[in-house]
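# Examination of the molecular architecture
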4 protein chains.
Amino acid sequence: MATMQALRKIAEGVGHIELQEVPVPDIGSDEVLMKVYAAGICGSDLLIEEDKHFYRAPVTQGHEFSGVAYKVGKNVKRVKEGDKFVADIECGAGDWLGVTVDGAFAPFMRVPEHVIYRVSDGVPLLHAGMTELIVATHHLIQERAQVKVGDDVVIVGPGPMGIMAVQYAKICGARQVFLIGLKSDEKRLQIGRQVGADHILYSEDGPEKAVMEITNGKGAEFVLECSASGKGVQHAIDCARKAYEGPGGKGVVVFISLWGQEITVNLDQVSLGQLDIRGSWSWNGRETWEHAVDLLERGLFDFEPVITAHYGLEDWEDAFKSLRTRQNLKAMFHPNGTDWAS
Amino acid sequence: MATMQALRKIAEGVGHIELQEVPVPDIGSDEVLMKVYAAGICGSDLLIEEDKHFYRAPVTQGHEFSGVAYKVGKNVKRVKEGDKFVADIECGAGDWLGVTVDGAFAPFMRVPEHVIYRVSDGVPLLHAGMTELIVATHHLIQERAQVKVGDDVVIVGPGPMGIMAVQYAKICGARQVFLIGLKSDEKRLQIGRQVGADHILYSEDGPEKAVMEITNGKGAEFVLECSASGKGVQHAIDCARKAYEGPGGKGVVVFISLWGQEITVNLDQVSLGQLDIRGSWSWNGRETWEHAVDLLERGLFDFEPVITAHYGLEDWEDAFKSLRTRQNLKAMFHPNGTDWAS
Amino acid sequence: MATMQALRKIAEGVGHIELQEVPVPDIGSDEVLMKVYAAGICGSDLLIEEDKHFYRAPVTQGHEFSGVAYKVGKNVKRVKEGDKFVADIECGAGDWLGVTVDGAFAPFMRVPEHVIYRVSDGVPLLHAGMTELIVATHHLIQERAQVKVGDDVVIVGPGPMGIMAVQYAKICGARQVFLIGLKSDEKRLQIGRQVGADHILYSEDGPEKAVMEITNGKGAEFVLECSASGKGVQHAIDCARKAYEGPGGKGVVVFISLWGQEITVNLDQVSLGQLDIRGSWSWNGRETWEHAVDLLERGLFDFEPVITAHYGLEDWEDAFKSLRTRQNLKAMFHPNGTDWAS
Amino acid sequence: MATMQALRKIAEGVGHIELQEVPVPDIGSDEVLMKVYAAGICGSDLLIEEDKHFYRAPVTQGHEFSGVAYKVGKNVKRVKEGDKFVADIECGAGDWLGVTVDGAFAPFMRVPEHVIYRVSDGVPLLHAGMTELIVATHHLIQERAQVKVGDDVVIVGPGPMGIMAVQYAKICGARQVFLIGLKSDEKRLQIGRQVGADHILYSEDGPEKAVMEITNGKGAEFVLECSASGKGVQHAIDCARKAYEGPGGKGVVVFISLWGQEITVNLDQVSLGQLDIRGSWSWNGRETWEHAVDLLERGLFDFEPVITAHYGLEDWEDAFKSLRTRQNLKAMFHPNGTDWAS
């Protein structure tokens, strides 16, 4: 029986992440065996190490991924050997690839056909590995809120989601995109500028003043809070466009953060300015995934500045650390190396 | 020149509220002199005393009112002497009756015709004095959010706005209305039950558990936070219906509180449960006022349990105190007594 | 093997409806055998006779129904023998009870558990037989559009759906409900008045004038077209509230008709008045059915004036004819009589 | 007293358009005298000639325009002599520049300050003359409906509005834009292709088949009907994305046509496919104009292929004729020639 090295959460509790020798999975008649090309490390992978996110141990992690069909079950119709593909990680009630069911931090992964989306040969597999981020970005910026042509947009927090949102806001025709971060985020903020942010503002400088000045006192029609800090929530509320009379809802704030604890904020302007706040999580099933794959195919995003490092699974400790210290923006594992496909 | 006694904020700062002898106002050709029948004391009147709300001193307070046309300017067409009427308090940019321009805590008040809404003879003037509360309630429960037939509704905070919202939710066909308050709010909570609340829950008991149990784990489609406390915000989030996947927005929380300070809350479930939060303040111009007057005319609200006391202006200190200590729910001034009209 | 008499479409084409002797169905382990109490005759049953609606022959018709669990499959958990229940007719892709799969025009019907909704013992089975109409009404009046407290509502066409919508509009707090029909619909129009219509208007009299006069030139916020006539569409457009400037969408027209042919209308006011038209069909899965069963349980509708006749299956020709000639509003089959349950 | 030649509707009825010698207007203290640079000929100018649109004779026509402040009233603050500007044509209740009040088919026009929007020096005045079309396009494509990134879009009718909508749909990130016209519209259809239409389809060929094929049977999320024909309405309905079950509203059709007569259409798919139809007319006040001027300033539209001819007022008969015969797409008058500004 063939075996492989997989990066796994082997038991409940803090830590307990190890490289383990496990069998290459068998597949059923409705499943596909993916040879993994790229597997992104998500913030929730770090939270699983810290025991702050749900999971089911033992499990191979890795839920942002792309690869090629290596073996195909006999009933599978939409994919054939050699096809590039990505997949929705939600396979069934409670079954999440890379979280509760074995995922992509391994050379091979078993994927049910019904969650698979084929990707054209011309799309780089490295970019395809970012599909789940496109899914989340599309959901928050077009399904939970609608950034419209001419809107002013503020993004709080220059992490991978924030940098994707900067790009997507420009694709939607946003007028000006403001990116807010800490002074210690300078490297990430510069990536934001590179992919289209019109204004870089520092949390330490009271960025709401700048937003109000530059928008002639109007504020931003759309604000995304993805900093996971109480201060970020306050910036979001303070930068949003207020509607002190009339029907309300001129300024929309989307939350995609988990703060993991109580935060302290002044919410008075939510009431007075008749703001809309919308939580965003997950996605809207096939509808969102089909849109995301379409955006991927059209090559609308610039992923090169976003993916800042590439690792083998054996260097996982370095990779995790580089994300905790914000040295990297998005780091990718390549469990089979990068030479065999592109 | 005729004079009258008016209750006025006479100077900036804390306090400075006094009964003053002032002239009965002259009216212009587009104005009406109202003989005031009822003038409700609002929470913001207390805040003006405490110097925590905007105002322009010196000014006669009183912005919730009803009365009769006593004298009518020569160009006025929609009102004639003897007509009952109410009025939108927003007369022009920055001109708010009872806040920045003289209001209804006096026997007579000057009102521009363009903000006036006539009320039928058959409508009790006492009820008409509640129109501004209907305006605010309609705005939050039908314009900022839409309570639908069959929705489960949670109201946090049994103040005048909360009690009105309980009634309005039932008018909208809500399935079950839950009213949450402190144990020390028992008197107000019982008024809530009297006007239709199906379940009375106490903040001290963890009311979200009861809401989830009674709704079979679903939560409430609509939650109104009007307690002005951090705990109230937490209850609101915890009681709302979550949408952990799909398009989101199954649970809508409306804020109509001003907390006046930072509060400490856990917002994780806003993101995860894809909640909608909507601030509500003011109203949507004539659209809202016309709806409110129509509701008043149809007699849909039961105001008797809501209006718990009646005062002359000379007893204003008692009246204010009874509201601060929550002995009253809604208290009314009758600057001309109650015998001359009904 | 036990047999029963069932009313079936036995072959494709016009006609071909017959009472046939067929076996009482066997049930699988996830199914329930319903003893049918009431089975409403829908307009689409007439269309199936005329070969103008989709179906799969041979098939037992009947898709509006209520009954009691007579036998229960071994894996069934949510229903036990003797329970009252109703069911969503959409069992799977393309499988519609009473249309493509055997339905309720028979003493017994096989129903998969996953589409079943239990009904309390206290709810009359006759009323439960109307659940699918509540489903359709809820979808159009709360999910496709939102009738709000204070809205003026026009219903065009006093068929079963129109009469249900009159009632539902009142439950939503509508201000005035106008019901429009032909002079030959007098009997149905009077039922509309009985269940709450404030104004009865005749198509022949130019009802849009009356609607505009009574609403002071404003028109109706919500109009339902369920007359299936070109004239009805024109009335709907002409009665709706126009928004000649501003954001638009003040008047919402819902279509639930199939006209079955081209119609001739003037649509200019749709553009000029910035109307919203929304087609409504089917429903929103479990979400709608759960709401409908809740409304049924709360007894909010008055079904007595709506259900105007009761038939045995053997009298099906009389029953169908009475609906074609509009002598009845809603007619019910009772394949097992009415004595055995209530 | 200085005079000038103006193109005027001089009396009610068909025809009655003449070049007349009239005084150069005086301005009040809150008004600006515009020296007109470009004045577009709109379809409604032709309708006024045909007596099929409202107007108030005698009146100088011309409501799509740009120019320079030639003289400025003493209270005017936002404009100074020499500034480029455009203006909302709705000056007050019933007062429409170029329709009921003298407009821009003349060398000089009086404009109240409150409807003026300044345009930067760098923006070509020829482009600024298209602002009202941007206003209408923004209103229909972002305010009445929201074209989202990845939507498939169908435009029916390759007139000036249709060609602008093709461009705007691409700015919004539409996936594929289909433009439908008659075979005799070939010239206009090719302009559509030039500004971004992905697919040109002919009304005569049953374009809905192509739309369905190319979108894999899904249909278009957004369809604009601007052909003013019954056939166009049918194409719009047939090309839209249907939602045969679920919440509905997957396909949105916007009407901006006036057909001027009854049309014959089959609306069954509006009900069955749960379509949304939204009429669009006018705009949403300052909100829309500010967005439109911002889009103009950003240079997002390619106007060169759209403006196909330039005329002096004296050639008005040729100009009108060229539009009636669809030889031109958008034709501009330059009442002061084109040499004096740019």
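Residues numbered from 1 in each chain as written. Chains lettered and ligands numbered in written order. Predicted model: local features only at pLDDT ≥ 70, side-chain atom pairs only at ≥ 80, totals over all residues. Heavy atoms only, no water.

## Considerations on the packing of aromatic side chains
What counts is decided by this rule: Aromatic rings from Phe, Tyr and Trp, taking only the six-membered ring of Trp, are treated as a pair when their centres fall within 6.5 Å; an angle between ring planes under 30 degrees marks them as stacked, one over 60 as edge-to-face, and anything in between as tilted. Buried means the residue's accessible area, taken with a 1.4 Å probe over protein chains only, is under 20% of the maximum for its type, while exposed means over 50%, and partly exposed covers the values in between. Helical segments are the DSSP runs of H or I of at least four residues, strand segments are the runs of E of at least two, and each set is numbered from the N terminus. When the NZ atom of lysine or the CZ atom of arginine is within 6 Å of a ring's centre and also within 35 degrees of its normal, the charge is said to sit over that ring.
The final tally for this structure, using the stated rule, is 44 aromatic pairs over all chains. Here the aromatic rings of Trp 283 of chain A and Trp 289 of chain A are separated by 5.9 Å at their centres, their planes lie at 90°, and the arrangement is edge-to-face. The same class applies to Trp 283 of chain A and to Trp 289 of chain A, which are both buried. Plain terms: the ring middles of Tyr 37 of chain C and Trp 340 of chain C are 5.7 Å apart, the flat faces sit at 55° to each other, and that makes the pair tilted. Here the residue Tyr 37 of chain C occupies a position in strand β3 (residues 31-40), and Trp 340 of chain C occupies one in the segment after β19 (330-333), the gap between them amounting to 303 residues. According to the relative accessible area criterion, Tyr 37 of chain C is buried, its value standing at 7%. Of the residues examined, Trp 340 of chain C reaches a relative accessible area of 27% and is grouped as partly exposed. Among the aromatic residues, those joined into a cluster by ring pairs are Phe 54, Trp 96, Tyr 117, Trp 283 and Trp 289 of chain A. Between the NZ or CZ atom of Lys 35 of chain A and the centre of the ring of Trp 340 of chain A, over which it lies, the distance is 4.2 Å.

## Details of the interface of chain C and chain D
In plain terms, the rule: Contacts between residues were defined by any pair of non-hydrogen atoms, one from each residue, lying within 4.5 Å. Accessible area, probed at 1.4 Å, shrinks when two parts are joined; the buried area is that loss added up over both. A carboxyl oxygen of Asp or Glu within 4 Å of a side-chain nitrogen of Lys or Arg is what we treat as a salt bridge. Here a polar contact means two N or O atoms within 3.5 Å. Within protein one must be a hydrogen donor candidate and the other an acceptor candidate, and residues neighboring in sequence count only if both atoms are side-chain atoms.
Facing the 38 residues of chain C at the interface are 38 residues of chain D. Roughly 3100 Å² is buried in total at the junction of chain C and chain D, and carbon and sulfur atoms are behind 50% of that figure. Linking chain C with chain D are 2 salt bridges. Residues Arg 144 of chain D and Asp 276 of chain C are paired through a salt bridge, measuring 2.7 Å at the closest nitrogen-oxygen approach. In this assembly, chain C and chain D are joined by 24 residue pairs in polar contact (both at pLDDT 80 or more). Among the secondary structure elements, those contributing two or more residues to the side of chain C that touches chain D are β16 (263-265), α8 (268-272) and β17 (276-279) of chain C.

## Some remarks on the pairing of strand β14 (residues 222-225) of chain A
Residues and elements named next belong to chain A. So the rule is basically this: Strands pair, by our definition, only if DSSP identifies at least two bridges between them. Clockwise travel from the first strand over the helix to the second, with the strands pointing away from the viewer, marks a crossover as right-handed.
Of the two faces of β14, the one carrying Phe 222 and Leu 224 and the one carrying Val 223 and Glu 225 are both buried. Pairing analysis gives 4 bridges linking strand β11 (residues 152-156) to β14, with the strands arranged parallel. Residue pairing for β14: Val 153 is matched across the bridge by Phe 222. Since β14 and strand β15 (residues 252-255) lie parallel, the crossover through helix α7 (residues 230-239) that links them has a hand, and here it is right-handed.

## So, the relation of the copies chain A and chain B
So the rule is basically this: When the copies are overlaid, the least-squares fit takes in C-alpha atoms only where the residue has pLDDT of at least 70 in both copies.
Least-squares fitting of chain A to chain B yields an RMSD of 0.0 Å, with the transformation described by 0.0 Å of translation along the axis and a rotation of 180°. The superposition of one copy onto the other is thereby described by a two-fold rotation axis. The residues that chain A uses at the interface reappear at the interface of chain B in 100% of cases, marking a shared surface.

## A look at the interface of chain A and chain B
Tallying the contact residues gives 38 residues for chain A and 38 residues for chain B. Interface of chain A and chain B: buried area, both sides summed, is about 3100 Å²; carbon and sulfur atoms make up 49% of it. Taken as a group, Leu 267, Asp 268 and Ser 271 of chain A account for 16% of the area that chain A buries against chain B, more than any other trio of residues on that side. Summed over the shared surface of chain A and chain B, the number is 2 salt bridges. At the junction of chain A and chain B, the tally comes to 24 residue pairs in polar contact (both at pLDDT 80 or more). Elements supplying a minimum of two residues to the side of chain A that touches chain B: β16 (263-265), α8 (268-272) and β17 (276-279) of chain A.

## Things to note about the confidence of the model for chain A
As a reminder of what qualifies: For every residue, the predictor states its confidence as a pLDDT score lying anywhere from 0 to 100.
With 100% of its residues at a pLDDT of 70 or more, chain A has an overall mean of 96. Here the prediction assigns the complex a pTM of 0.95, and the interface score ipTM is 0.95.

## Here we look at the packing of helix α3 (residues 131-143) of chain C against helix α9 (residues 285-297) of chain C
All names here are of chain C. Going by this rule: Convention adopted: a line fitted to C-alpha atoms gives each axis, helices being fitted over their contacting stretch, and angles between N-to-C directions are expressed from 0 to 180 degrees. Any angle between 65 and 115 degrees counts as roughly perpendicular, while under 35 counts as roughly parallel, over 145 as roughly antiparallel, and the rest as oblique. Crossing handedness follows the turn of the near helix against the far one: under a right angle anticlockwise gives a left-handed crossing, and clockwise gives a right-handed one.
Between α3 and α9, the shortest axis-to-axis distance is 9 Å and the interhelical angle comes to 115°. It follows that α3 is roughly perpendicular to α9 by the angle criterion. Note that α3 runs across α9; the crossing there is right-handed. Along the contact surface, α3 presents Thr 131, Glu 132, Ile 134, Val 135, His 138, His 139 and Glu 143, while α9 presents Glu 287, Thr 288, Trp 289, His 291, Ala 292, Val 293, Leu 295 and Leu 296.

## Points about the arrangement of the chains
Chain C makes no contact with chain A, the minimum C-alpha separation between the two being 11 Å. Separated throughout, chain B and chain D approach each other most closely at a C-alpha pair spaced 11 Å apart.

## Here we look at the sheet that holds strand β1 (residues 3-9) of chain A
Residue and element names in this part refer to chain A. Pairing within the open sheet is antiparallel, and its 3 strands lie in the order β2-β1-β4. On the outer flanks of this sheet lie β2 (17-23) and β4 (59-60), each paired with one strand and no other. Both β1 and β2 contribute to a ladder of 7 bridges, which runs antiparallel. Of the residues in β2, the one forming a bridge with Gln 5 is Glu 21.

## Observations concerning the packing of α3 of chain C against helix α4 (residues 160-171) of chain C
Residues and elements named next belong to chain C. Stated precisely, the cut-off is as follows: Amino acids outside the nonpolar list (Ala, Val, Leu, Ile, Met, Phe, Trp, Tyr, Cys, Pro) and the charged list (Asp, Glu, Lys, Arg) are all regarded as polar, and Gly is one of them.
Contact pair α3 / α4: the axes reach a minimum separation of 10 Å and the direction vectors enclose 60°. Considered as vectors, α3 and α4 are oriented oblique to each other. As for the relative orientation of α3 and α4, their crossing is right-handed in sense. Within the contact between the two elements, α3 uses Leu 133, Ile 134, Ala 136, Thr 137, His 138, Leu 140, Ile 141 and Gln 142 and α4 uses Pro 160, Met 161, Met 164, Ala 165, Tyr 168 and Ala 169. Partitioning the contact of α3 with α4 into residue classes produces 11 nonpolar, 3 polar and no charged.

## Here we look at the pattern of salt bridges
Using the criterion set out here, one finds 95 salt bridges over all chains in the structure. Across the salt bridge formed by Glu 31 of chain B and Arg 110 of chain B, the nearest N and O atoms sit 4.0 Å from each other. Linking Glu 31 of chain B in strand β3 (residues 31-40) with Arg 110 of chain B in strand β9 (residues 108-112), this pair joins segments that are 79 residues apart in sequence. Salt bridges here are not isolated pairs; linked through shared partners, they connect Asp 152, Arg 175, Lys 218, Glu 221, Arg 241 and Lys 250 of chain A together with Glu 287, Asp 294 and Arg 298 of chain D.

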